[in-house]
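One letter stands for each residue in the lines below.
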Amino acid sequence: MSKRISILGSTGSIGRQSLDVIAACGMEAAALTANSNAARMEEQVRQFKPELAVMMDERAAADLRIRLADTPVRVASGMEGLLEAAELPSADTVLTAVVGMIGLRPTMAAIREGKRIALANKETLVCAGQLVMEEARDFGAEILPVDSEHSALFQSLQGCRDRGEVRRLILTCSGGPFFGKTRTELQGVTRKDALQHPNWSMGAKITIDSATLMNKGLEFIEAMHLYQVPPEKISIVIHRESIIHSLVEYCDNGMIAQLGAPDMRLPIQYALTWPRRTVGPADPLDLCSCGPLTFAQPDLDTFRCLDLALKAARTGGTAGAILNGANEAAVALFLEDRIGFLEIADRVALALDRVPVIQEPSMTQILEADQAAREAVLSA
Ligand code: NDP
Ligand code: MG
């Protein structure tokens, strides 16, 4: 399949798995971007020969230029470079796999060029879902989910002729490493404990979000925007095995689910090849050895971040941007060992209390809400 993909965040967990898919499916890399990991970028550039390589960090870009001096690859840096990668004329698809709301501007830029967006960077939709989806409609850009739950919903909606027949979207949630624990037991957990996810190997920020269950809250808001459904039509079920990646319940009580081994390469590939399916590198699922499949209700008292996210989802407006900005700042503090695990939720709650919510916000108001939420977390 001949396709040219720009990957924003190619050195990360999703970025590297996307390159596996590209290699296995005979696609090409148009541009690759990273933050500071010049050594890994050099390897990727030598293997995939993109037209453009971008390092967010200026020093890393200077290092990369030296490393790639014997190649024709152009090296750019900073937000300007990221925007150039997002808009590159020779790419038909932009896969957004940077972490955090830093992905918002490049995603918007790619949409305005009418690119297909393979969206992993969920923070973008949580902050500015309404504006992003409106812009995609106006510019005729398709947004296809990479997140496994949203890909499962997308796949389970493929046969649906009338969205009015959908009763509910059901997001599955592994429960993370602390499933079944009480708040008291979570008091002393360390960065190392929280970085152990039972089923998935991911970047540090999303691994912490999976331990607090904030990840499921962000995914709840992501689903509202992607599928244009109100919060009361989405529910969450704990499914420890991560085999059913999510389900759609229809009005006749039928449910359609998507199953697969916990392997991100399948949803990544589907976002790139849709509406076709092709042979790819994802692991097969052996039904007879994946064990019994279990389901349970999430514990919103212990996992307060999920409760806060569900409240923000119902509030709407800039509540998503406040929630996300506060969470990004609080997770960074936790990863630097400056606050405890349970304090992540405390700081997010404080920001949601302090920063006023604006309905129907402009992009400027969203960016201001994000900034105010980060300041509230840092000044607590
Ligand atoms: P990683 O931390 O593994 O990778 C992040 C990537 O973004 C790296 O290439 C990194 O470069 C780059 N990056 C980090 N900070 C910046 C910055 N300030 N400016 C520009 N580039 C930056 O993250 P993941 O791959 O785990 O996650 C990426 C996104 O996908 C997140 O939004 C996450 O929520 C989402 N996602 C991830 C899943 C997973 O399985 N990992 C599943 C579903 C969604 P460098 O290497 O140089 O630091
Ligand atoms: Mg997910």
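Residues numbered from 1 in each chain as written. Chains lettered and ligands numbered in written order. Predicted model: local features only at pLDDT ≥ 70, side-chain atom pairs only at ≥ 80, totals over all residues. Heavy atoms only, no water.

(A) Here's a closer look at the site of ligand 1. Contacts to ligand 1 come from 24 residues, most closely from Thr11, Ser36, Asn37, Glu123 and Gly203. Backbone polar atom of Gly9 to an oxygen atom of ligand 1: 3.2 Å apart, as the coordinates give it. The backbone of Asn35 places a nitrogen or oxygen atom 3.0 Å from an oxygen atom of ligand 1. Within the complex, 87% of the 900 Å² of free accessible area of ligand 1 lies under protein. Classifying every residue of the shell around ligand 1 by side-chain character gives 11 nonpolar, 10 polar and 3 charged. (Near = heavy atom within 4 Å. Polar contact = N/O pair within 3.5 Å; in protein donor to acceptor, adjacent residues only side chain to side chain. Areas by Shrake-Rupley, 256 points an atom, 1.4 Å probe, with all protein chains shown as cover. Nonpolar A, V, L, I, M, F, W, Y, C, P; charged D, E, K, R; others polar.)

(B) Up close: the coordination of the magnesium ion (ligand 2). All of the protein donors around the magnesium ion (ligand 2) are Asp147 (OD), Glu149 (OE) and Glu219 (OE); their distances to the metal are 2.0 to 2.2 Å. Read in sequence order, the donor residues coordinating the magnesium ion (ligand 2) give the pattern D-x1-E-x69-E. The exposure class assigned to Asp147 is buried, which follows from its relative accessible area of 8%. (Donors = N, O, S within 2.8 Å, 3.2 Å for Na, K, Ca; no water. Buried < 20%, exposed > 50% of the residue type's maximum accessible area, 1.4 Å probe, protein only.)

(C) Representation of the layout of surface pockets in the model. Counted as a void, the second largest pocket has a volume near 360 Å³. Together, 25 residues line the second largest pocket, and Gly129, Gln130, His225, Gly316 and Gly317 are the ones closest to its centre. Of all the secondary-structure elements, those providing two or more residues to the lining of the second largest pocket are α6 (122–139), α11 (214–227) and α13 (304–315). The element best represented in the lining of the second largest pocket is α6, accounting for 10 residues. For the lining of the second largest pocket, a count of residues per class yields 12 nonpolar, 10 polar and 3 charged. (1 Å grid on protein atoms, 1.4 Å probe; cavity = no way out; pocket = protein on both sides within 12 Å on 5 of 7 lines; lining within 4 Å. Points joined across faces, edges and corners; volume = space filled by probe spheres on them. Helix = DSSP H or I, 4+ residues; strand = E, 2+ residues; numbered from the N terminus.)

These figures come from the coordinates and say nothing about function on their own.
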